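Chain and residue survey
Listed below are the residues making up each chain.
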Amino acid sequence: MNTKKMITSLLPYNSISIIGMEKNSGKTTTLNYILKNLKGTKVIGLTSIGRDGEDCDRVTNTHKPKIYVEKGSIVATAKNLLCKCDITKEILAATGISTPMGEIIIMRALSNGFVDVAGPSYNSALIKVRDLMLDFGCDLVLIDGALSRKGSAGNLVSEASILATGASFSPDLTKVVEESSHNVKMLQLPKCSDNIADLTREILKTGKIGFVDTQSNIEVLDLPTSLNSHREIVDAVKPNHKYLVLGGAVSKGLIESIIQNRELFKSFTIVIEDGTKIFIDSNMYHKLSMIPVKLEVLDSINLLYLTCNPTSPYGYSFESEKFCELLKTSIDIDVVDVVGGEL
């Protein structure tokens, strides 16, 4: 995918999330690539579900790319980080949203410069911040995701998403390609039928877990979450159940229980809210599909493309062209090399 096509694909949207396969997988590199190529065309709003823009990762003690914004951009960040932003600022709003690094403040850049960004960590606050930035005149709000927190890619938070993968995921190129392909597949899980969508919403009005039987009757379980409720869910399965509806996150542990009790779940369909809610690797997904159990979603993710970063901050890298070509042959969306340039 060339740069012009990539930029054109962003134009219809007012909010886009960038989510990553792994810590240091290239989200911020992707963000900077977009900022550089959108320069002068749109008023950009910027926030993060974690912290971005600092020059060193506090967890891995590795170098991180800084974030450079141009004059006129709007940034939402924590109050304690304002002193680390080397731009001239116009404070637009104090949001009342608290974080460990202080209240989220929305400001306009009155000069070009680097920013240190830390936004809210939960979706309802992200939506409030996004809407405020749009009200202040942003054409496009970019949300930088965080490790294993893909919820910002959900339709309630952003209109479209970009997935970032990179060598930091593993030194094994084959594994990176395989899991990248799997993550794309999870984010593009098929939508359930309209009838099942209605029944799923009915279940989620009153609970988090439920079943739909062969006659379209629903049964809601009195469980607050599927996490640590594996045994109760397995024990509740009846012969006429056809769909298992799961609200919220779906853990690896629950899927393991379903695989271990495969006879009970043969030909089941599991319906989840969207592809950001399930956390299983390609091997477990394969075992699930062999039962067979299908995965469907209530809402699909608008995944625009996959970006790849062949350089790991841990001191190794892949051959860029080979990495990108392998990705392109394993997935059905466009791939953008945010380090080496156009493909």
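Residues numbered from 1 in each chain as written. Predicted model: local features only at pLDDT ≥ 70, side-chain atom pairs only at ≥ 80, totals over all residues. Heavy atoms only, no water.

All right, on to the environment of Thr307 then. The residue Thr307 is located in strand E17 (residues 303-309) in this model. In this structure, the C-alpha to C-alpha distance between Thr307 and Leu163, residues 144 residues apart in sequence, is 6.3 Å. Once residues lying within four places of it in the same chain are set aside, the contact partners of Thr307 are Thr30, Ile162, Leu163, Ala164, Thr165, Val336 and Val338. (Helix = DSSP H or I, 4+ residues; strand = E, 2+ residues; numbered from the N terminus. Contact = heavy atoms within 4.5 Å.)

Leu10, Ile34, Val115 and Leu142 are the most contacted members of the largest nonpolar core, which totals 31 residues. For this core, the element with the highest residue contribution is helix H2 (residues 27-37), accounting for 4 residues. If you look at the next biggest cluster of nonpolar residues, it comprises 30 residues, including Met284, Leu288, Val293 and Val297. (Core = buried A, V, L, I, M, F, W, Y, C linked by side-chain atoms within 4.5 Å. Buried < 20%, exposed > 50% of the residue type's maximum accessible area, 1.4 Å probe, protein only.)

To continue, consider the environment of Arg108. Along the chain, the position of Arg108 falls in strand E7 (residues 104-109). When the C-alpha atoms of Arg108 and Gly45 are compared, they prove to be 9.0 Å apart, with 63 residues separating the residues in sequence. The residues touching Arg108, leaving out its near neighbours within four places in the chain, are Gly72, Ser73, Ile74, Thr88, Lys89, Glu90, Leu92 and Phe136.

With that settled, consider the pattern of salt bridges. Under the definition given, this model contains 10 salt bridges. Its salt-bridge partner being Arg130, residue Asp131 comes within 2.9 Å of it at the nearest N-O pair. For the salt bridge of Glu263 with Lys266, the shortest nitrogen-to-oxygen distance reads 3.4 Å. For Glu263, a relative accessible area of 61% translates into the label exposed. (Salt bridge = Lys/Arg side-chain N within 4 Å of Asp/Glu carboxyl O.)

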